[in-house]
Structure formats: C-alpha cells, structure tokens
Amino acid sequence: MDDIIREGNPTLREIAADVEFPLSDENIILGEKMLNFLRNSQDEVTAEKMGLRAGVGIAAPQLDISRKIIAVLVPNAEEIEENEKGEEVVIPPKEAYSLATVMYNPRVVSHSVQDAALAEGEGCLSVDRDIPGYVIRHARATIEYFDKEGNKKKIKLKGYNAIVVQHEIDHINGIMFFDRINPKNPFATTEGMLLLD
Ligand SMILES: OCN(O)CCCc1ccccc1
Ligand code: NI
C-alpha cells in the first residue's frame, strides 16, 4: 500500500470520480488492497513491522487516487470474563467484524435528524495532528453503494459504524473530519446529539 497522502495534498479536497461498471481489474484489485491494508494495520505484529497506524477505514483519495472507493473494517470487541478461579478469560466475538467490506460509489441516501459524535473526537490517517472537538455527524444513515460484482446494496447504519462510513464517504467528497468541528466552540453539541464512547 503506497504512502498515504497528508492534508495539504489537493487530492484530499477533490470530489472523486464515480467508478464505472463492470469494474476494471485495477479497481477490483485496489479495493482488495485497501481492505488488506486495514487488516494489516489492525494486526499489531504486522502494523509494528510496517509502521502502520491502526485504521478502521480508508478511502482511495488517501492513496492519491481520486475515485469513489472506500474500504471499512470495524472489529467487534472481545469479551473478558472471570472463570471460577477468578482468572480473566478472553472470549473472542462470534463475528470478528461488524463491518468488513469495500464500497464502490457509496452515498448517504437518507439520515436521521439526530446528530452523533465520538466523545473522544476523530483522527485521520491523512492528518498528522490532534484536532480536538466533536465531529458532528448523522446518528443514523442509510448508505447505498455497489459491491465489486456491481450489485446495488442499501444498508442502515448507526453507532460507530455510521460514524466510520460517513468519515470515509466524506473523503471521496473532499471533506475532512475537522470541517465538521464547530470552529467557535469545538465541543458544542446540537439538540439531542448522541455522544458515542
Ligand atoms: O479515512 C480513514 N482514516 O483516516 C482512518 C481513521 C478512520 C476513522 C477515525 C475516527 C472516526 C471514524 C473513522
Ligand atoms: Ni480519514
């Protein structure tokens, strides 16, 4: 996975191009490489070796490729339980991921009036600085996209998955997470806004 471009690179501010179907081999392979990048970034041994920051999503413009392709890989948490000897036992999740897919030409087709933000704010692999503040997003969003076979999909997201997918769709529309932080009061909340831990 070639280098991720950083803020200041104009590609991050472009509206990326729709991909055509049937997908070219290049666009299929690119999607697979993006998902593999996320897998590698979430495996601490590999991430350490490759010097990767763990990512739950990535968008093609971050690779200086101005196309509407995103990949998302959101792991489910493992459970920690105590056994009869009072020892901690790690229970792996039934499903490893709550989202694991490549989306072509994704778009938000409808959303809640209610907003939501991660309580701890957001970061970005293309931003090498901490920018505190609530990134105001839709609490729930219906996403339409095409899979690599060209099938049209429609999914309803809420919680952390909704935040991640909106962050990635913003990238293919030239929007950075800090664009959605209130410049006057970064921790201002909107009416009824959800704060997600
Ligand atoms: O564009 C992906 N990338 O910069 C990695 C970080 C993804 C991400 C981080 C916080 C909240 C939502 C999504
Ligand atoms: Ni990002």
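Here the residue numbering is sequential within each chain, running from 1 through the sequence in written order. Chains carry letters from A onward and ligands carry numbers from 1 onward, assigned in written order. Thresholds applied to this predicted model are a pLDDT of at least 70 for local features of residues and 80 or more for the giving and counting of side-chain atom pairs; totals over whole chains, interfaces and linings are not thresholded and use all residues. The basis for every side-chain value is the complete set of heavy atoms in the structure, and neither hydrogens nor water enter the calculation.

The protein chain appears in an unreviewed UniProt entry as Peptide deformylase from Floricoccus penangensis. Here the protein chain is described in UniProt, under the heading Function (unreviewed entry), as follows: "Removes the formyl group from the N-terminal Met of newly synthesized proteins. Requires at least a dipeptide for an efficient rate of reaction. N-terminal L-methionine is a prerequisite for activity but the enzyme has broad specificity at other positions." UniProt positions are given in the numbering used here, feature names are shortened, and annotations may be inferred rather than shown by experiment.

Peer 1: I'm lost on the coordination of the nickel ion (ligand 2) in this one. Help?
Peer 2: By definition of the ideal shapes, four donors in a tetrahedron about a metal sit 109.5 degrees apart, and six donors in an octahedron sit 90 or 180 degrees apart. Each metal's donors are the N, O and S atoms found within 2.8 Å of it, except that Na, K and Ca use a 3.2 Å limit; water is left out, so coordination can look incomplete. Of the protein atoms, only Cys-124 (SG), His-167 (NE2) and His-171 (NE2) coordinate the nickel ion (ligand 2), at distances of 2.1 to 2.3 Å. All donor residues of the nickel ion (ligand 2) come from one chain, and their arrangement in sequence is C-x42-H-x3-H. Taken together, the residues Cys-124 in the loop between β6 (115-118) and β7 (137-138) and His-167 in helix α3 (residues 159-172) connect sequence positions 43 residues apart. Like Cys-124, the residue His-167 is buried in the burial classification. By the criteria applied, helices consist of DSSP H or I runs no shorter than four residues and strands consist of E runs no shorter than two, each listed in order from the N terminus. For every residue, the accessible area (1.4 Å probe, protein chains only) is compared with the maximum for its type, and the residue is labelled buried under 20%, exposed over 50%, or partly exposed between those bounds.

Peer 1: Would you mind going over the nonpolar core with me for this structure?
Peer 2: Working definition of a nonpolar core: buried Ala, Val, Leu, Ile, Met, Phe, Trp, Tyr and Cys residues. They are joined through side-chain atoms within 4.5 Å. Counting 17 residues, the largest nonpolar core has Met-34, Leu-38, Ile-58, Ile-69 and Ala-71 as its most contacted members. Taken together, the elements giving at least two residues each to this core come down to α1 (25-42), β2 (69-75) and β5 (97-111). The leading source of residues in this core is α1, at five residues. A contact between two residues is defined here by any heavy atoms of the two lying within 4.5 Å. Setting aside its immediate chain neighbours within four residues, Ala-71 contacts Met-34, Leu-35, Leu-38, Val-56, Gly-57, Ile-58, Thr-101, Val-102 and Glu-168. Ala-16, Met-103, Tyr-145 and Val-165 belong to the second largest nonpolar core, which has 16 residues in total.

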